[in-house]
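Chain by chain, the residues run as shown.
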Amino acid sequence: SVPKIVDHEERRRHITDAVCRITLRGGLAAATFREVAAEARVSVRLIQHYFGTKAALLETTQQHVGERSIARLMRWIEATDGSARAVLEAFLKSFVPIDDESRVAALMYIALYTESIVAVIDERVEGRRTTEAQMAYDTIFEQLERGPLVAGVDPRQEARLITALMPGLGQYVLDETITAEEAYGTVDYHLDRLFAPIPESVEIQE
């Protein structure tokens, strides 16, 4: 018989998808190797073979969720007119959970963020969280610098403020304190306060 060709990357994604489903139901504490193995219908030994430790499993899960979120964001940005305000609007609204995919991304971020504060998972997970926060700040600052902004707006201070507040806005949607539509309205309201209108004769900066 011909040996079966195993797609190892697909198998890893199958396992990390199981981690997401378990985390959505019971948090990271529920995502033990045994529970993940049962959810993914594979052996515990196979998970240990691919990931070694729970920290590595969580890191890979976060990476896979992040890749899907970035791909989604890129599609949203491509649909804009390319202006700084439109790009930043797409970026900020991508933090708002509006369907299963974005809900998984938001919940995984919160779960990993909380775990990294209350317990030492692994330096790699903590480092990835710090890097993601810096990347978010850099993206926001870059678009604010493109402007045009209302007189008196400090791009660096605004970038710090928005970076800190956006995860909380997403969490408010998750716990149904506000709706996704209300969160979108808050984003629009704040951007309207920051960006000056662009005259029709002015070309958009690339």
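What this report covers is the structure whose coordinates are included nearby.

Conventions we followed
Sequence order as written defines residue numbering, which begins from 1 separately in each chain. Where local features are concerned, this predicted model is filtered to residues with pLDDT of at least 70; where side-chain atom pairs are given and counted, the filter is 80 or more; whole-chain, interface and lining totals use all residues. Computation of side-chain values covers all heavy atoms of the structure but excludes hydrogens and water. Only Phe, Tyr and Trp rings take part, Trp by its six-membered ring, and two of them pair if their centres are within 6.5 Å. Stacked means planes under 30 degrees apart, edge-to-face means over 60, and tilted covers everything else. Helix and strand assignments follow DSSP, with helices taken as H or I runs no shorter than four residues and strands as E runs no shorter than two, numbered in order from the N terminus. Residue burial is assigned from relative accessible area. The probe radius is 1.4 Å, only protein chains are included, and a residue is buried under 20% of its type maximum, exposed over 50%, and partly exposed in between. By definition here, charges over rings are those cases where NZ of Lys or CZ of Arg is within 6 Å of the ring centre and within 35 degrees of the ring normal. Definitions used for this entry: grid spacing 1 Å over protein atoms alone; cavity, a set of points where a 1.4 Å probe fits but cannot get out; pocket, an open set with protein on both sides within 12 Å along at least 5 of 7 lines; lining residue, one with an atom within 4 Å of a point. Grid points are joined across faces, edges and corners, and a volume is the space filled by probe spheres set on the points. Throughout this entry, Asp, Glu, Lys and Arg are counted as charged residues, while Ala, Val, Leu, Ile, Met, Phe, Trp, Tyr, Cys and Pro are counted as nonpolar. The remaining residues, Gly among them, count as polar. Lines fitted to the C-alpha atoms define the axes, with helices restricted to the stretch that makes contact. Angles between their N-to-C directions range from 0 to 180 degrees. An angle below 35 degrees is read as roughly parallel, one above 145 as roughly antiparallel, one from 65 to 115 as roughly perpendicular, and any other as oblique. Contacts are assigned to residue pairs with any non-hydrogen atoms lying within 4.5 Å of each other.

Applying the stated rule across the entire model yields 3 aromatic pairs. The interplanar angle of 5 degrees and the centroid separation of 6.0 Å between the aromatic rings of Tyr-137 and Phe-141 together place this pair among those described as stacked. Of this pair, Tyr-137 and Phe-141 both sit in helix α7 (residues 123-146), 4 residues apart, which is roughly one turn of the helix. Like Phe-141, Tyr-137 is buried. Above the face of the Tyr-184 ring, Lys-93 is positioned so that its terminal group lies 4.8 Å from the ring centre.

Put simply, the largest pocket is a space of about 1100 Å³. Along its surface, the largest pocket is lined by 37 residues, and Ser-69, Phe-95, Tyr-109, Glu-132 and Ala-136 are the ones closest to its centre. Elements with a contribution of two residues or more to the lining of the largest pocket: α4 (54-78), α6 (100-118), α7 and α8 (155-174). Ranked by the residues each element gives to the lining of the largest pocket, the list is headed by α4, at 10 residues. Tallied by class, residues from the lining of the largest pocket come to 19 nonpolar, 13 polar and 5 charged. Each pocket or cavity is described by its volume, and for the second largest pocket that value is around 230 Å³. Lining the second largest pocket are 14 residues, and of these Leu-165, Met-166, Leu-169, Thr-186 and His-190 sit closest to its centre. Every element with two or more residues in the lining of the second largest pocket is listed here: α8 and α9 (180-194). No other element matches α8, which puts 7 residues into the lining of the second largest pocket.

Moving on to the packing of helix α2 (residues 33-40) against helix α3 (residues 44-51). Two elements in contact, α2 and α3, have axes whose closest approach is 8 Å; the angle formed by their N-to-C orientations is 105 degrees. By the criterion of interaxial angle, the relationship of α2 to α3 is roughly perpendicular. Within the contact between the two elements, α2 uses Phe-33, Arg-34, Val-36 and Ala-37 and α3 uses Val-44, Ile-47 and Gln-48. In terms of residue class, the contact of α2 with α3 is made up of 5 nonpolar, 1 polar and 1 charged.

A separate point is helix α5 (residues 84-93). Burial within α5 is extensive, with 8 of its 10 residues counted as buried. Taken as a whole, α5 has its buried residues at Ala-84, Ala-86, Val-87, Leu-88, Ala-90, Phe-91, Leu-92 and Lys-93.

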